[in-house]
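Spelled out from the first residue to the last, the chains are:
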Amino acid sequence: MESFLKSGKLGSSTTKVDKSSHANNETSKKKRSVPWIEKYRPRTVSDIVEQNEAVQVLEQCIAGADLPNLLFYGPPGTGKTSTVLAAARQLFGDMYKDRILELNASDERGIQVIRDKVKTFAQLTASAVRHDGKPCPPFKIIILDEADSLTNAAQAALRRTMEKESKTTRFCLICNYVSRIIEPLTSRCTKFQFKPLDESKILERLQHIAKEESLQIDSDVLNALVKTSGGDMRRATTSLQSCSTLKGKDTTISMQDVYEITGVVPEQWIKNYLQACKSNDYSKLEVFIETFILEAYTASQILKQMNEFIVNTDEFNDKQKAIIGEKLGTVSYRLQDGGSEYIQLLDLGCAIMIEYSKT
Amino acid sequence: MKRSNKWIAFDVDTEVAMKSKEPAAASFTNVDTPKNHLRLSNSCSSINLIEKLKPKTVDTLAVHPKKVKEVSDWLERNVIKRQARVPVLVLTGPTGAGKTATLDVVCRSLNINVREWINPVDKEVDERFYQAQSVCFLEFFSLAKYNSLCDQVGGHQVALVEDFPNFAINNPTEFVNVFERCLGHLPVVFICTDASSSKLDLLQTLFPQEMREKYRIEIISFNPISATLMKSALKRAQSFVQKKSDLFHIPTAEVIEAVVISAMGDIRCAMNQFAFACLKGVGSIPLEANTTIPKKRKRGEKTAIIKSMERDETLGFFHALGRVLNPKRDESSQLFKIQCDFESLIDQFSTQPSNFNAFLQENYLKYFGDLGDVQLASDILSSAQLFLANWNERHEIMLYSLWVGVLGLMVHNRHKLSRWNQIRGPTKLKTITNTSGENFEMGAMDHFYYNKITNSDKFHVFKLRN
Amino acid sequence: MSLWVDKYRPKDLSKLDYHKEQAENLKKLTHKGDFPHLLIYGPSGAGKKTRIMCILKDLYGSGVERLRMEQLNFTTPSKKKLEIMTVSSNYHIEINPSDVGMYDRIVVMDLIKNVAQTQQLDVNGQREFKIIVLTDVDNLTRDAQHALRRTMEKYIANCRLILCANSTSRLTPAIRSRCLGIRVAAPTVPEICCILQTICKKEGLTIRSEFAQKIAEKSNRNLRRAILMCEACKVEQYPFAPNQNIAEPDWLMFIRAMARKISHEQSVNTLASVRGDLYELIIHGIPNNIIFQTMVSELVKNCDISLKAEIISQAALFEHRLQHGNKAIFHFEAFVAKFMCLYKRFLEDAVADVF
């Protein structure tokens, strides 16, 4: 119990892991919403789907009861955090909560965090014996999530700490883009690339969750969920949970619900958009965009889906695709940056229209 | 000539300043001047002309009559009637606002003698009798109350400090001490010129608020000379010059106009320029100088005056705006060369790029004569604004914004309209929000219907104009 | 007196007029133990606020209808005082953080912290959390959005957020993924007609379906505006005449007139007068993107397709810039100047082609 209280200083998500581990024992009377993403996190390194290379190396490390400094990079939802948490669990057993410090870099960025939190935690000593007398590795792990959003100064400050505390502390940097980590840091870590998950693997996992939660869901609806996730396990899981929250346990989750929750724009709208562009009639395009916005669909989402279409279509040659692709990029950036959906979508529509008229 | 003699006597110049130190010698020069004067005006008219152009009576002052009245009231109350125990007056205002001239002219009209303190310079310092400047300063005050021999008998005295002693500037606290000790001898007038840097702002450093209250110091602040007043002063000067057309070239109305504009309210600068313009046609000046006068190159001449007679090196905010909005080009060469030291201009406003750009935006339209130019310029301003919005924590990028804005406007103004426009401050775009309480959910876009349904005009109505 | 818009606002999830299936789902949601953070998005006049109030009522009962307006004060680290109007009941508080502009982060953080730290006083209340309604979240700064996502997780035990936005494009994926998104599409024209007729019936008025249709079309599927239009028409003339004039908002006409002025004469003087018009619009609270949008769609009307494309791409550029900083007028003016140049050239070319 003592260790449970101490966990207050840990990152929030680890606290949740703790709850989830007890979730099965808890009665339904006290229904705390536990994100499924925490509830169904893999427990051991071997549970990790895909990522063979990383898993192999880590398993060897765990067998030898040591870890190098790690740098995990890859797209979101590919199991980076899960991997390191699972490894820690295997290394330290029950007391793994004491031995890790998880920092979400984009929340508390800046050099001060590195100086205060990381250094103080790194300077704590770790004994080689567990509370119950069993031996355990004499070090702690500091997990820096989203390390690519650390400022350069903070990263530089980390460099020194990493070396100085190497006896008692291992670092695990997790990021989406390795290029944003400064060279001196990457050279101090063992790098692992995480690839987007295979759709079949995600499907497997979702089916498992659906069974555990006793959801009523068809396999093709699950398939649709997997498709919209784009190899992101977290997104697939959260979407599934949202569906079930909204619909309740006793009704079937339909395809419609999946689209609604994930915000995917139905195929028909994409077709209409292109149709409007093809017609070379500006007023049609204008009307389409007005209705699209009135229906409250998300413009950034349609851009994503358009991108997929443009890349795969035969209607344009490569040069035209490049021109449209550039426009897509610009428009998408402006939208994210606060531009109006109406004007930005019109802009894209006009660009496509011009390309259509050339063919 | 008699008048002029009188004027010289009251002139506050180095020459006269010595008078207060050595009254006898000063009076001697005084007497002597008329002859010198005549001789000088025959050989070289310049010095003479500027002297002659100085105002001699209250009517000829270019200062606003209200200010003159204020000064003369004070003098009457405190110097002639001696109402206040320790009368102290501070005159403030920008350079060339006519502070000294007003005091001189008014004193003369009231028959008051002015004793001015001038920092002793180049005095042969005898090590043994070395006196601290502050002691000299005190001495000046105690001696000043005695009439000098050459003054009119029974005249009142007033001490004038325009040339602040060095110790006052270096050590304001010491000045306060000395100031207290020299009070009561005489009514004192201090003249503080406005300065751009706070360190040189004598009014604030030497006469802080508590001190002003303690000694009931009165402050009369002068404004820059308005364009109309300056113009009439120049007209007077012109008519004076016309009488001596054998000696002077008579400047055209355009030149006078240019002088008024370029002087920016500085009468001294305007008079100097005027005198300079008068000289141009004189035979003693090489002939090519004459060729700059013909009507066709009027504009070039105008810029020449403005260039050569810059008011001072620290630009006023509005002056700088004017430079950017009304860029001077080197028209002689085909190259697009801007005649402006924009680096220093930008340096000076580097602390307020956002404000400067806002001013530029508010005013630039009036200076542009071509839509294409405006389009380029507005695009530039929009980009400059983008810099300011996105990187407002990084100073160097804010500077780039200033660079882009300033240079962009200057370069793109190819068809400029050269006319006098009043500079306006940026429009305050504070959204008028409805926080009255009721109709919290009523957006601005629904106000129209609210007005209509309730038959009221509680909210703003957009009226169509044609 | 209360306007029809407020008088006939549905107060209960089961009484909503459209999106009935969604209402059903929301009802289920409120009865379950774990109520997630919600993100309600849709165009204006689609009924987002109505739905939020219904959800609140379903959660807490009629107590949420006892609203009070309050002014909250915040202080920034730089000691600047911020004031913001809030509407609150015992169970919830509603604010629009974008009212304080760039300081929204402080307001959001402080408010959530305060609310989360005060426990629910009403012991009998069936909920262990309070609700914070944030409106206009698509105008939140990046900073505030980052702050929000951390606070959302931290204080989930004591408070839930309901975010209300016009579109989700501007929200970071991190926020979107932490909320249950509820899309509220604008009601269709027949739905609006139906609602108008119901309201008129309750008021004891008769409205012909053609006229209701006309209003619905004019309203651009904005229910709120449709009801306001209808009431305004009634004030103007009753019984309704089939060809009765349906007044459009004055600002809309104003922007149109401005656009006409631009198309009519392209000169520096016009630009200067357009600037005055823009100032007037901005000062009286017409949102920038509405001004821009209306202006663009009005301006392109007389252009051919290639010019349209060019103008739209310029519009997209300047509209994006408009979102940065607080000096929208710079970008408005640049766009208008750009349009004038393009349009002038277009007209000149057209004239040249004729001869």
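Values in this document were obtained by computation on a predicted structure and should not be read as measured data. (Residues numbered from 1 in each chain as written. Chains lettered and ligands numbered in written order. Predicted model: local features only at pLDDT ≥ 70, side-chain atom pairs only at ≥ 80, totals over all residues. Heavy atoms only, no water.)

Caption draft 1: How the structure looks around the overall build of chain B. Within chain B, the regular secondary structure consists of 22 helices and five strands. Taking the contacts inside chain B whose residues are at least 6 apart along the sequence as the reference set, 76% of them involve residues at least 24 apart. Summed over all atoms, the accessible surface of chain B reaches about 24800 Å², with 55% contributed by carbon and sulfur. (Helix = DSSP H or I, 4+ residues; strand = E, 2+ residues; numbered from the N terminus. Contact = heavy atoms within 4.5 Å. Areas by Shrake-Rupley, 256 points an atom, 1.4 Å probe, with all protein chains shown as cover.)

Caption draft 2: Highlighting the overall build of chain C. Assigned secondary structure in chain C consists of 14 helices and seven strands. The buried share among the 355 residues of chain C stands at 59%. In chain C, of all internal contacts separated by at least 6 residues, the share reaching a separation of at least 24 is 69%. Roughly 14700 Å² of accessible area belongs to chain C as shown, and the carbon and sulfur atoms make up 50% of that amount. (Buried < 20%, exposed > 50% of the residue type's maximum accessible area, 1.4 Å probe, protein only.)

Caption draft 3: Quick peek at the sheet that holds strand β2 (residues 68–75) of chain C. Residues and elements named next belong to chain C. Read from one edge of the open sheet, seven strands run β2-β3-β4-β5-β6-β1-β7, paired in mixed fashion. Lying at the two open borders of the sheet, with one neighbouring strand each, are β2 and β7 (180–183). On average, each strand axis in the sheet is inclined to that of its neighbour by 25°, with strand direction left out of account. Summarising the sheet, strand β3 (residues 81–88) and strand β4 (residues 92–95) pair through three bridges and their orientation is antiparallel. By the bridge assignment for β4, S88 is matched with I93. (Pairing = 2+ DSSP bridges. Axes fitted to C-alpha atoms, helices over the stretch in contact; angles between N-to-C directions.)

Caption draft 4: Broad picture of the environment of M410(B). Residues and elements named next belong to chain B. Note on placement: M410 falls in helix α21 (residues 395–412). Residue class for M410 comes out buried when judged on its relative accessible area of 0%. On a C-alpha basis, the gap between M410 and R329 in space is 9.3 Å, while along the polypeptide they are 81 residues apart.

Caption draft 5: Summary view of the packing of helix α8 (residues 209–218) of chain C against helix α9 (residues 223–236) of chain C. Residues and elements named next belong to chain C. It is the contact of α8 with α9, at a shortest axis distance of 9 Å, that shows an interaxial angle of 130°. Here α8 is positioned oblique relative to α9, judged by the angle of their axes. Relative to α9, α8 is oriented so that their crossing is right-handed. Along the contact surface, α8 presents F211, I215 and K218, while α9 presents A226, M229, C230 and C233. Here the contact of α8 with α9 is built from residues that sort into six nonpolar, no polar and one charged. (Parallel < 35°, antiparallel > 145°, perpendicular 65-115°, else oblique. Left-handed = near helix turned anticlockwise from the far one by under 90°. Nonpolar A, V, L, I, M, F, W, Y, C, P; charged D, E, K, R; others polar.)

Caption draft 6: Local environment of the interface of chain C and chain A. Between chain C and chain A, the contact holds 48 residues from the first and 50 residues from the second. Counting each side, the surface lost to burial between chain C and chain A is near 4300 Å², with a carbon and sulfur contribution of 51%. Its largest share of buried area at the contact with chain A, chain C owes to S169(C), R183(C) and H320(C), together 14% of the area lost on that side. Put simply, chain C and chain A have three salt bridges between them. (Buried area = accessible area lost by both parts, 1.4 Å probe. Salt bridge = Lys/Arg side-chain N within 4 Å of Asp/Glu carboxyl O.)

Caption draft 7: Just the pairing of strand β6 (residues 159–165) of chain C, in detail. All names here are of chain C. Along β6, seven of the seven residues are buried, which leaves the element largely enclosed by surrounding structure. Side chains of β6 alternate between two faces, with C159, L161, L163 and A165 and R160, I162 and C164 buried alike. Across five bridges, strand β5 (residues 130–134) lies against β6 in parallel orientation. Its bridge partner being in β6, V133 is matched across the sheet by I162. Between the parallel elements β5 and β6, the chain passes through helix α5 (residues 142–154) in a crossover that is right-handed. (Right-handed = clockwise from strand over helix to strand, strands pointing away.)

Caption draft 8: Region of the structure containing the packing of aromatic side chains. One pass over the structure, following the stated rule, counts 19 aromatic pairs over all chains. Where F448(B) meets Y449(B), the ring centres are 5.1 Å apart and the plane angle is 70°; that geometry is what we call edge-to-face. Owing to a relative accessible area of 16%, F448(B) belongs among the buried residues under this scheme. Following the ring pairs from residue to residue traces out a cluster consisting of W269(A), Y273(A), F288(A), F292(A) and Y297(A). Here the basic side chain of R170(A) rests over the ring of F139(A), its NZ or CZ set 4.5 Å away from the ring centre. The residue whose ring lies beneath R183(C) is Y297(A), and the NZ or CZ to ring-centre distance is 4.1 Å. (Phe/Tyr/Trp six-rings, centres within 6.5 Å; stacked < 30°, edge-to-face > 60°. Lys NZ or Arg CZ within 6 Å of the ring centre and 35° of its normal.)

Caption draft 9: Region of interest: α9(C). Taking 1.5 Å as the rise per residue, α9(C) with 14 residues should run 20 Å; its terminal C-alpha atoms sit 20 Å apart, in good agreement. Of all 14 residues in α9(C), eleven are buried; the element is thus mostly enclosed. Buried within α9(C) we find L223(C), R224(C), R225(C), A226(C), I227(C), L228(C), M229(C), C230(C), E231(C), A232(C) and C233(C). Close packing links the buried residues of α9(C) with α22 (447–454) of chain B together with α1 (4–7), α7 (189–203), α8 and α10 (250–264) of chain C. The backbone nitrogen of R224(C) has a side-chain oxygen 3.2 Å away, supplied by the residue at the start of α9(C), namely N222(C). (Expected span 1.5 Å × (residues − 1). Polar contact = N/O pair within 3.5 Å; in protein donor to acceptor, adjacent residues only side chain to side chain.)

Caption draft 10: Representation of the nonpolar core. With 100 residues, the main nonpolar core has Y273(A) and F356(B) as its most contacted residues. Examining the composition of this core, we find that 13 residues originate from one element, helix α14 (residues 328–354) of chain C, more than from any other. The residues touching F356(B), leaving out its near neighbours within four places in the chain, are F317(B), A320(B), L321(B), V324(B), L345(B), F349(B), L402(B) and V406(B). With 50 residues, the next largest nonpolar core counts V226(A), C243(A), I55(C) and L180(C) among its residues. (Core = buried A, V, L, I, M, F, W, Y, C linked by side-chain atoms within 4.5 Å.)

Caption draft 11: Quick look at the confidence of the model for chain B. Residue and element names in this part refer to chain B. In this model, chain B carries a mean pLDDT of 68, and residues with pLDDT of at least 70 account for 65%. The weakest mean pLDDT in chain B belongs to helix α15 (residues 287–291) at 31; the strongest belongs to helix α20 (residues 371–390) at 87. Across residues 281–314, where pLDDT falls below 50, the model places 41 contacts with residues more than four positions away in sequence or in other chains. (pLDDT = per-residue confidence, 0-100.)

Caption draft 12: Broad picture of the packing of α7(C) against α9(C). Residues and elements named next belong to chain C. Interhelical geometry of α7 versus α9 gives an angle of 40° and a closest axis separation of 10 Å. Between α7 and α9, the crossing angle belongs to the class labelled oblique. Considering only the axes of α7 and α9, their crossing is right-handed. Taken together, the residues of α9 that come into contact with α7 (itself represented by I192, I195, L196, I199 and C200) are L223, A226, I227 and C230. When its residues are assigned to classes, the contact of α7 with α9 shows nine nonpolar, no polar and no charged.

Caption draft 13: How the structure looks around the pattern of salt bridges. A full pass over the atoms with the stated rule returns 28 salt bridges over all chains. The shortest N-O distance in the salt bridge between R68(C) and E70(C) comes to 3.8 Å. Judged by its relative accessible area of 39%, R68(C) is partly exposed. For E70(C), a relative accessible area of 33% puts it in the partly exposed group. One salt bridge in this structure joins R256(C) and E248(C), with 3.3 Å as the shortest N-O distance. Linked through salt bridges whose partners overlap, the residues forming this network are E260(A), E295(A), R183(C) and R221(C).

Caption draft 14: Examining the interface of chain B and chain C more closely. Facing 50 residues of chain B, the contacting portion of chain C comprises 56 residues. Counting across the chain B and chain C interface gives three salt bridges. In this structure, R275(C) and E362(B) form a salt bridge, with 3.9 Å as the shortest nitrogen-oxygen distance. Here chain B is connected to chain C by ten residue pairs in polar contact (both at pLDDT 80 or more). If you list the elements that add at least two residues to the side of chain B that touches chain C, you get α19 (353–363), α20 and α22 of chain B. The element best represented in the side of chain B that touches chain C is α20(B), accounting for 13 residues.

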